[in-house]
Every structure is written in structure tokens, then in C-alpha cells.
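The chain contents come next:
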Amino acid sequence: MFVRHLNLVDFRSYPQVAVDFEPGPSVLVGPNGQGKTNLLEALGYVASLSSHRVGTDAPLVRAGAQRAIVRTAIVHGGRELTVELEIVPGKANRARLNRSPVSRPREILGALRQVLFAPEDLALVRGDPAERRRFLDDLLVARYPRFAGVRSDYERVLKQRNALLRTAYLARKAGRGTPGAADLRTLEVWDAHLARYGAELLAGRLELVSALSPHVEKAYDAVSPGGGRARIEYRCGLADDGEDMTTSLVSAGSDGPRVDRDVLAARLLAALARSRPAEEERGVTLVGPHRDDLLLRLGDLPAKGYASHGESWSFALALRLASYDLLRSEGIEPVLALDDVFAELDATRRERLGELVSGATQVLITCAVAADVPEALRGARYDVAEGTVRRVC
Amino acid sequence: MYEGAIQDLIDELGRLPGIGPKSAQRIAFHILSADPADVTRLAQALQRVKEQVRFCSVCFNVAEQEQCRICRDPRRTDEIICVVEEPKDVIAIERTGEFRGRYHVLGGAINPLEGIGPDNLRIRELMERLQAGTVKELILATDPNTEGEATATYLALMVKPMGLTVTRLASGLPVGGDLEYADEITLGRAFEGRRAV
Ligand SMILES: Nc1ncnc2c1ncn2[C@@H]1O[C@H](COP(=O)(O)OP(=O)(O)OP(=O)(O)O)[C@@H](O)[C@H]1O
Ligand SMILES: [Mg+2]
Ligand SMILES: [Zn+2]
């Protein structure tokens, strides 16, 4: 698929801007702070309903404006789809698909599949587990949009269960006795639901990690030849000592790796039962996919805390390129967006990366210096300056 | 800020669900310029609703008498009870014309974030109705969202020992939603295709 048109109103630095794109490589060139990344961020928002830079929507709306509008036209399989999103901080966003309003923004997921690599991705290697969980879940949604629902159901159940644990905890602390029978009964209910959605989410992640892992190894070797073997491993609180759940629970299915949801749900329930005393003591849910991590290894060492700056950066890039390869191998053909990648690479690696991605249906590239972009990716060029985007060749 | 009575009215309207400050202001000025007879009718309707409408002593639907119209209807069967969250859900299900049993209105759903547990809902009253032994099937028609599902699971657990058939509306309802917003056909189908839990 490719983005044919992007139109922004009051998004970030842009009062209004309209850009036409073509398949193949497009390079957005301009000095720092001119709004190049803002364009990729807008597309990323359409693809994932979140920004790769901020966790809240307020910074996405131009200072002084009330709401931002992102309109895109996406061509996929010869058909054009238009998506319109209205971002209103503090309120539910509104979305339209081919001009008809959808009942919830989530329904536009899947219309645009984008893999974005940005300097912020260094946090995938160096940051908290939350960064890597988000990486997995975003990719899971790009792979199967229905997981957006699973993810939000899980988060909602988790919030409710935590609220119940917290109330009971506070009541006990205030000397108002232990939770009543009715409260414990409801905890049982929340356990069951947490296990159901948790197992689904966990299964999705395990299947994903299992499918993604060969692509990561390959991509790392491509961006950093001879740099060692890069591996990923899902770290799950449910695992027994030394158990790797991507091998113990994943079996080969007709359409890729499969995990038995019932087995996972039963293990999750058992783990919840075991940690019940500790949870009541602390007033929070201590097991479940919201506590897991994705371990990144380079050779025999964990990347976090050990890898050099260059290695960490290559690993982050490899994770994105692997995501791209995986989706592509499954017939999804996402748009690839590379924000400021080439400035970090030496000449050989630039050329190498250029060749690696030059076959993509569409690659959107930002850079401050046009000369940094390798030969293979010199397609359409746009100058970005002072809030305007102008096609120059 | 306006002075006196008009600001009071804007404030009161603004406290109603779904009415923001701008709408409150628009409605207030509409009332100000409306025909006095219309305004009197509105004021009386507001007062009457508090004076005359109460909750049915059996099912907790809204009623003008001791029992609601549905509980008084002798043509309906006592063998099936449909459990819903709010009176508006009764209206939605009645519109489908698929259901000829009785209702039980819980008054909400289990929601720890809002401090609502089973004791805050009319669950004890439901259990008392079931003790009588007339009811053969319980339909759990709470909303198809996190809280509605949890409430349904909780009720299913509670009534399990009683040995009656417990069913849940078929999927196909908009997930994460509200029964009220399901159209008649979808809701009717969900009723027909209800499955045992
Ligand atoms: N909500 C907002 N309202 C107004 N301006 C904003 C808003 N958010 C960001 N900006 C402005 O947008 C500019 C940053 O744009 P962007 O990140 O796209 O730059 P860039 O061209 O990618 O620069 P670099 O080459 O440094 O990465 C900054 O000047 C910033 O002040
Ligand atoms: Mg930038
Ligand atoms: Zn009644």
C-alpha cells in the first residue's frame, strides 16, 4: 500500500498543509525544526492511533488551536481509501472512513499499515519494559487489527481489578476489616476475565515473537554485518525457571506459530491464585502480560546495559526492519517511514540500508542534508521549510 | 457569567448528563424566549416525574404504580427473567418484540473504579425473586462491555447452585457498547441466539 495524499489542519506546527505522494522513495529535506517528523508522526497516528513521540494528544494540536485534523488517502490493491481523524485532546477522537463516520476510531486501524523508525526508538533497547511491550502490542495490532480490542479490554479489566484490590487494601489499612465475601466473589470474576483477555494478548505476543525472531536476526546482520547475533526472547512472569515460552507453548500452525489460549488462561489463573496474598498486601495485580518484557540479546549479553550506542541503535533499527519484513512476508506490505536514520550511519551502512529497503512499495524518509540519503533511495524530493512542503523533483 | 436567575438555570442545565456549557446556555435562552405555557408544561413535567414516577417494587423498572406495566401484564410468562442494567435497556428490548417474560433492573453494573460492588446493585432482590422457584430461565442482558460482562459472570456464579438455565445474549452486539445503541434487528437476533453460560 502507499499513502497518496496527506492533509493536515492544526496538527503540530502546521496550520494547514497538503502533500501528494507517490509509490517508491520520497525524501523530505529541511533544516531542524521545520516539521519533517511532524508529517511522519501524523501518518503514524493514523496507523496506530498514537504518537511515537508523546503519550498524550495535547502536543499534537497546534498551540492555540482546539483540535487537529489528519486526512489521508491510502491506495491499497488498486483501491483508494480515505481516512479522516479529528484529534481533540481530553475527548474521544472522531474518525471517518471513506467519509462515513465510524462508531469508534479503532475501526480505522488496518487502513494504513506503517512501520516507522525514529531516533526515539533507541528507547526500545535502553528504556523500560513498557517501551518493548508497546512495540510488541503495536506490531500485533498492525498484524491483526482485532488485537486493538483485546488490548483495550485487557487494560480495562486490569484497571477494574486494581481498583478492587486497592479499595480492599485501603479498607484494611483503615482498620475496616478484611474484604467481604461479595468482594472476594467479584475478585474471582475479575480473575476469570483477566485470564481470558490476558491469555489472548499473551498468545498474540508469543506467536508474534516466534514469527518475528528470525527476521530480527537477519535484519541485524544486514545493518551490522559481523556484529554478532541478535536475538529476542519473550520474558513472561508465568514461565517456570529456565522455560522459554516461545518454544514450550508455541506450536507450528497452518498460518504460522500457534499458542493454545486455554492452556495460557489456566496458567494465568493459577498464577493469580498464587500471587493473591501478595496482591492483597500491595493492592495491585502482580501477574499478567502487563508485567512482561521482551529480552534483547546481542551475542551472549543482554543489549540493555551492555550494548554500545551504535549497537543499540542498530538493534532498534533491526527491530523495525524485522517488523517490516514480517508484515511483508504475510502479504501486508506496509509503508516504511525512516525518520533521520541516515545521519547516524557511515557511508557503507547507508548504501547497505538503502539497498535493503529500496524495494519497498513506499519509503518516506526525512533528513536535514539531502546528500546523506543513499543513491538507491533518491526518489521524489520535498523541501520542508517554515510550515510549507514543496515538491522539488 | 450572567446575573441571577438565568445563570442559575444555565448552571442547573449544565449539571445534566450530555449537556455542556454551550448547550446549557442555548437551552436557557431558548426557555427565556419561549411561550410561558410551554415553560409551565416543562416545569410541571419535571416536578411530576419526581412525584409520580417510582421504581417497580418487583423488577425496579420505572413505574407509576406499585408495580410497572410489564410486571402487571398477565399475558407475560413468569418463567423467564431478563436482567438488565437500566430502565432504558427494558425499552430497547421491548422494541424488539422478541421477549415475553419479565425483567429485573439492576441499577448499574459492577464497577470498582466507581466504587460499585454487588451490594450497590439490586442483586439481593433478584436472588429473592429466584428463590420462589417459578423462574426457569435467567437471561443476562447486561451491556456488552467490561463491566457488563463482569456483572453477568458474577450473576452466573451466584445462581449456579439454583440449577436454572442461565443464558447470555448472543454476540454480534457492538462490543464495548451499550444495549441502548444496538438497533432492533441486531438486538432481536442477539435475543434469539442467546446461549447458555
Ligand atoms: N503543538 C505544536 N504547536 C506548534 N508548533 C509545534 C507543536 N508541536 C511541535 N511544534 C513545532 O514543530 C517543530 C518540530 O517539528 P519536527 O519535529 O517535525 O521537526 P523536524 O523537521 O523533524 O526537525 P529535526 O530535523 O530537528 O528532526 C518545532 O519547531 C516545534 O516547535
Ligand atoms: Mg525530525
Ligand atoms: Zn416491574
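Scoring rules and cut-offs
- Residues numbered from 1 in each chain as written.
- Chains lettered and ligands numbered in written order.
- Predicted model: local features only at pLDDT ≥ 70, side-chain atom pairs only at ≥ 80, totals over all residues.
- Contact = placed C-beta atoms within 7 Å.
- Helix = DSSP H or I, 4+ residues; strand = E, 2+ residues; numbered from the N terminus.
- Nonpolar A, V, L, I, M, F, W, Y, C, P; charged D, E, K, R; others polar.
- Core = buried A, V, L, I, M, F, W, Y, C linked by C-beta atoms within 7 Å.
- Buried ≥ 20, exposed ≤ 12 C-beta atoms within 10 Å, placed from the backbone.
- Near = placed C-beta within 6 Å.
- Domains from an automatic or database assignment.
- pLDDT = per-residue confidence, 0-100.
- Pairing = 2+ DSSP bridges.
- Right-handed = clockwise from strand over helix to strand, strands pointing away.
- Axes fitted to C-alpha atoms, helices over the stretch in contact; angles between N-to-C directions.
- Parallel < 35°, antiparallel > 145°, perpendicular 65-115°, else oblique.
- Left-handed = near helix turned anticlockwise from the far one by under 90°.
- Arc of directions from axis to C-beta.

### Details of the interface of chain A and chain B
Here's step 1: Each partner contributes residues to the interface: chain A has 18 residues there, and chain B has 15 residues.
Here's step 2: For the side of chain A that touches chain B, the secondary structure elements donating two or more residues are α4 (147–173) and α5 (181–223) of chain A.
Here's step 3: In terms of residues, the side of chain A that touches chain B owes the most to one element, α4 of chain A, which gives nine residues.
Here's step 4: Counted by class, the side of chain A that touches chain B contains seven nonpolar, six polar and five charged residues.

### Brief notes about the nonpolar core
Here's step 1: Judged by nonpolar contacts, the single largest core of 153 residues is most densely connected at L43, F315 and A318 of chain A together with V83 of chain B.
Here's step 2: Excluding its chain neighbours within four sequence positions, the residues that come into contact with L43 of chain A are V3, L6, T72, L112, Q114 and A337 of chain A.

### Thoughts on the site of ligand 1
Residue and element names in this part refer to chain A.
Here's step 1: Neighbouring ligand 1 are 17 residues; S13, N32, K36, T37 and N38 lie closest to it.
Here's step 2: Take the shell around ligand 1: its biggest share by element is three residues, from helix α1 (residues 36–48).
Here's step 3: Within the shell around ligand 1, the residues separate by chemical class into four nonpolar, nine polar and four charged.

### Regarding the domain arrangement of chain B
Here's step 1: Along its sequence, chain B is carved into domain 1 (4–52) and domain 2 (74–196).
Here's step 2: Just the C-alpha atoms count here: the centres of domain 1 of chain B and domain 2 of chain B sit 34 Å apart.

### Details of the confidence of the model for chain B
All names here are of chain B.
Here's step 1: Of all residues in chain B, 96% have pLDDT values of 70 or greater, and the mean over the chain is 90.
Here's step 2: The weakest mean pLDDT in chain B belongs to helix α8 (residues 184–192) at 80; the strongest belongs to strand β4 (residues 102–105) at 98.
Here's step 3: Here the predicted complex scores 0.88 on pTM and 0.82 on ipTM.

### Side note on the pairing of strand β15 (residues 362–367) of chain A
Residue and element names in this part refer to chain A.
Here's step 1: The element β15 is extensively covered by neighbouring structure, given that six of its six residues are classed as buried.
Here's step 2: Burial along β15 is two-sided: Q362, L364 and T366 facing one way and V363, I365 and C367 facing the other are all buried.
Here's step 3: Judged from the six bridges that link them, strand β3 (residues 24–29) and β15 form a sheet pairing that is parallel. In the sheet register, L28 faces β15, and the bridge partner there is T366.
Here's step 4: The sheet contact formed by strand β14 (residues 335–339) and β15 spans four bridges and is parallel. Bridge pairing links L336 to V363 in β15.

### Let's talk about the pairing of β14 of chain A
Residues and elements named next belong to chain A.
Here's step 1: Across the five residues that make up β14, a large majority, five, are buried.
Here's step 2: Covered by surrounding structure in β14 are V335, A337 and D339 together with L336 and L338, the residues of both alternating faces.
Here's step 3: Summarising the sheet, strand β8 (residues 114–117) and β14 pair through four bridges and their orientation is parallel. Bridge pairing in β14 links Q114 to V335.
Here's step 4: For the handedness criterion, the β-α-β arrangement of β14, helix α9 (residues 347–357) and β15 is classed as right-handed.

### Remarks on the sheet that holds strand β13 (residues 301–302) of chain A
Strand pairing in a sheet relies on backbone hydrogen bonds, with the paired strands running either antiparallel or parallel.
Residue and element names in this part refer to chain A.
Here's step 1: The strand order β9-β12-β13 describes an open sheet built from three strands, whose pairing is antiparallel. Each of the sheet's edge strands pairs with one partner strand only, and the pair in question is β9 (230–235) and β13.
Here's step 2: Strand direction decides the pairing type here: strand β12 (residues 293–298) and β13, joined by two bridges, are antiparallel. Paired with R297 across the two strands is P302, which belongs to β13.

### Thoughts on the environment of G227 of chain A
Here's step 1: Considering the arrangement of structural elements, one finds G227 of chain A in the loop between α5 and β9.
Here's step 2: Along the primary structure G227 of chain A and K91 of chain A are separated by 136 residues, whereas in three dimensions their C-alpha atoms are 47 Å apart.

### Details of the packing of helix α1 (residues 4–14) of chain B against helix α2 (residues 21–33) of chain B
All names here are of chain B.
Here's step 1: One way to put it is that α1 packs onto α2 with a least axis distance of 8 Å and a crossing angle of 130°. Judged on the interaxial angle alone, α2 and α1 are oblique. Crossing of α1 against α2: the hand is right-handed. Between α1 and α2, the residues in contact are I6, L9, I10, L13 and G14 and P21, A24, Q25, I27, A28, I31 and L32, respectively.
Here's step 2: Of the residues in the contact of α1 with α2, the class split is 10 nonpolar, two polar and no charged.

### Regarding helix α5 (residues 87–96) of chain B
Residue and element names in this part refer to chain B.
Here's step 1: Every buried residue of α5 is listed here: D89, V90 and I93. Around the axis of α5, the buried residues are gathered within 105° of arc, so they sit on the same side.
Here's step 2: On its buried face, α5 is in contact with β3 (80–84), β4 and α8.
Here's step 3: Just downstream of α5, G97 is the residue with a positive phi angle, here 70°.

### Comments concerning the sheet that holds β15 of chain A
Residue and element names in this part refer to chain A.
Here's step 1: The strand order across the open sheet formed by six strands is β8-β14-β15-β3-β16-β17, and the pairing between neighbours is mixed. Of all the strands in the sheet, the pair left with one neighbour each is β8 and β17 (388–391). For this sheet, the mean angle separating the axes of adjacent strands, direction not counted, is 20°.
Here's step 2: Of the strands in this sheet, β3, β8, β14, β15 and β16 (380–385) are in contact with α1, which crosses β8 at around 140°.

### A short note on the confidence of the model for chain A
Here's step 1: For chain A, per-residue confidence averages 93 on the pLDDT scale, and residues scoring 70 or more make up 98% of the total.
Here's step 2: Within chain A, no element has a lower average pLDDT than helix α6 (residues 245–248) of chain A, which sits at 82, and none a higher one than strand β1 (residues 2–11) of chain A, at 98.

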